[in-house]
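# Remarks on the overall topology
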Amino acid sequence: MSKRDYYEVLGVDRGASGEALKKAFRRLAMKHHPDRNPDNAEAQEHFKEAKEAYEVLGDAQKRAAYDRHGHAAFASGGGPGSGGPGFADVGDLFGDLFGDIFGGGRGRPRRGSDLRFVLEMALEEAVIGVDREIHIPTLVRCVHCAGSGSTSGRTQSCGTCAGHGRVRVQNGIFSVQQACPNCGGSGQTIADPCEECAGQGRTETERALNVKIPGGVDSGDRIRLSGEGEAGPSGAPSGDLYVEVRVRDHEIFKREGDDLYCDIPIRMTTAALGGELTVPTLGGSAVLKIPAETQSGKVFRMRSKGIQSVRSHRTGDLLCRVSVETPVKLSKQQKELMAELEATFTGSETAGTHSPQSQGWLDRAKSFFERMTS
């Protein structure tokens, strides 16, 4: 029976990258591996076919020869699986693949899990920094056995792997080593398990930790506390604790990087004649000078009134956007004065100069209507 095209076997086109070839082979190997299809001869043939195709296409030199001459390139001497750089790549891929299939590790001590704790704080606290006590439910080293999992601290050679830490799994023509499922790859088992932790070397509890949060942090910043995570099993190293900062919204300020923004309402008379306003800052208060003829939406920058960066130590600015407020609930006298003021605008030859934005808008609107009607 003639061989199928290797690209067809892996289900990729001829221009496929090395990563695409690896993914294609991994997918087929996971699907057709004999351990997932016991007593299925057809699956074993598909697996062998995919392996042979990847051994050729996964190696640059063999792939070039195959692209030029097809299967004839390997008709004499050795065949596609006769060594070369590509063969090592397949071996590495098999190591990852068998780890997925058998769930085995590589015999390394299994470190405890990392933990994440979300710490909420006010903007003022984030700016100046704060010391907080946090309480974390976690697994800690058993005090009765000092984390060994054994009452006496004694261990014995694992009966499953004879102390080697690895076992060999044979299936048909394939043989692979994996971490011993009984001892986790250590080669030793506990002789007399601790009754308090059932031989696990760790117990559940809630720990209290003091965390120092530096000034200038922002939402999303993380502080790593090495070794303060979950304890590892049977005396293995502990994981790390990551304290993630979440800053609550502020009633006045909005933060963007190291700058602060705030909206400030001002009277119509202040906007027209100018004046001074006392505005709040995170350090107290400051005087903001409003020049005459200020328009609504104008932004004033107050240098170094923002937040000092936790990384560069640069201090940001405070940006104040003024909003001219329309007066409400006017008295009779105030209304009369407003009407008198309005009359001076409309009756003056220089009326357009008093409202530059309105006059400009009216000129644009007039031009628009003229174009529409022409």
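For every chain, the first residue of the written sequence is number 1, and numbering continues from 1 along that sequence. For this predicted model, a pLDDT threshold of at least 70 governs which residues receive local features, and a threshold of 80 or more governs which side-chain atom pairs are given and counted, while totals over whole chains, interfaces and linings are taken from all residues. Heavy atoms from the whole structure form the basis of all side-chain values; hydrogens and water molecules are not counted.

## With respect to the sheet that holds strand S8 (residues 222-225)
Cut-off, in case you're wondering: When DSSP finds two or more bridges between a pair of strands, those strands are recorded as paired. Numbering of helices and strands runs from the N terminus; a helix is a DSSP stretch of H or I covering at least four residues, while a strand is a stretch of E covering at least two. In this analysis an axis means a line fitted to C-alpha atoms, helices contributing only their contacting stretch, and an angle means the value between N-to-C directions, from 0 to 180 degrees.
If you trace the three strands from one edge of the open sheet to the other, you get S1-S9-S8, paired in mixed fashion. A single partner strand is all that each edge strand has here, and the edge strands are strand S1 (115-121) and S8. When strand polarity is set aside, the average angle formed by the axes of neighbouring strands in this sheet is 25°. Direction of pairing for S1 relative to strand S9 (residues 241-247): parallel, over a ladder of seven bridges. Residue pairing across strands places Val-118 opposite Glu-244, the latter belonging to S9.

## A word on the packing of helix H2 (residues 18-32) against helix H3 (residues 41-57)
The condition that has to hold: Note on terminology: angles under 35 degrees are roughly parallel, angles over 145 are roughly antiparallel, angles of 65 to 115 are roughly perpendicular, and the others are oblique. Each crossing gets its hand from how the near helix is turned against the far one by less than a right angle, where anticlockwise is left-handed and clockwise is right-handed. Residues count as neighbours in contact if any of their non-hydrogen atoms are within 4.5 Å of one another. All residues other than Ala, Val, Leu, Ile, Met, Phe, Trp, Tyr, Cys, Pro, Asp, Glu, Lys and Arg, Gly among them, are scored as polar; the first ten of these are nonpolar and the last four charged.
Running from N to C, H2 and H3 point in directions that differ by 165°, and their axes come no closer than 9 Å. Looking at the two axes, H2 sits roughly antiparallel to H3. Crossing of H2 over H3 shows left-handed handedness. Residues Leu-21, Lys-22, Phe-25, Leu-28, Ala-29 and His-32 of H2 lie in contact with H3, whose contacting residues are Ala-43, Gln-44, His-46, Phe-47, Ala-50, Lys-51, Tyr-54 and Leu-57. A breakdown of the residues in the contact of H2 with H3 according to their chemical character gives nine nonpolar, three polar and two charged.

## Digging into unusual backbone geometry
For the record, the criterion: Three labels apply to residues, based on accessible area from a 1.4 Å probe with only protein chains included: buried if under 20% of the type maximum, exposed if over 50%, partly exposed otherwise in between.
Although it is not a glycine, Ser-304 adopts a positive phi angle of roughly 60°. Even without being a glycine, His-313 presents a positive backbone phi close to 65°. Counting through the fold element by element, His-313 comes out in the loop between strand S14 (299-302) and strand S15 (318-325). Given a relative accessible area of 55%, His-313 falls into the exposed group.

## Describing the environment of Gly-316
In this structure, Gly-316 sits in the loop between S14 and S15. Since its relative accessible area comes to 0%, Gly-316 is described here as buried. Ignoring anything within four residues of it in the chain, the contact list for Gly-316 reads Asp-258, Asp-259, Ser-304, Lys-305, Gly-306 and Ile-307.

## Some thoughts on the sheet that holds strand S11 (residues 259-267)
Taken in spatial order, the four strands make up an open sheet running S10-S11-S15-S14, and their pairing is mixed. Of all the strands in the sheet, just strand S10 (254-256) and S14 have a single pairing partner and so form its edges. Ignoring strand direction, the axes of neighbouring strands in this sheet form an average angle of 30°. Relative to S15, S11 is paired through eight bridges, and the arrangement is parallel. What sits directly across from Asp-263, in S15, is Arg-321.

## A look at the pattern of salt bridges
Inclusion rule: Whenever a carboxyl oxygen of Asp or Glu lies within 4 Å of a side-chain nitrogen of Lys or Arg, that contact is scored as a salt bridge.
Tallying each qualifying case throughout the model produces 22 salt bridges. The partner of Lys-3 in a salt bridge is Glu-52, with the nearest N and O atoms 2.8 Å apart. Linking Lys-3 in the segment before helix H1 (6-10) with Glu-52 in helix H3, this pair joins segments that are 49 residues apart in sequence. Residue classification places Glu-52 among the partly exposed positions, given a relative accessible area of 23%. Ionic pairing is found between Asp-218 and Arg-255, a salt bridge with its closest N-O pair at 3.6 Å. In this pair, Asp-218 sits in the loop between strand S7 (202-213) and S8 while Arg-255 sits in strand S10, placing the two residues 37 residues apart along the sequence. Residue Asp-218 is classed as partly exposed on the basis of its relative accessible area of 24%. Judged by its relative accessible area of 16%, Arg-255 is buried. Each member of the salt-bridge network shares a partner with another, and the members are Arg-111, Asp-114, Arg-224 and Asp-240.

Structural measurements only, silent on function.
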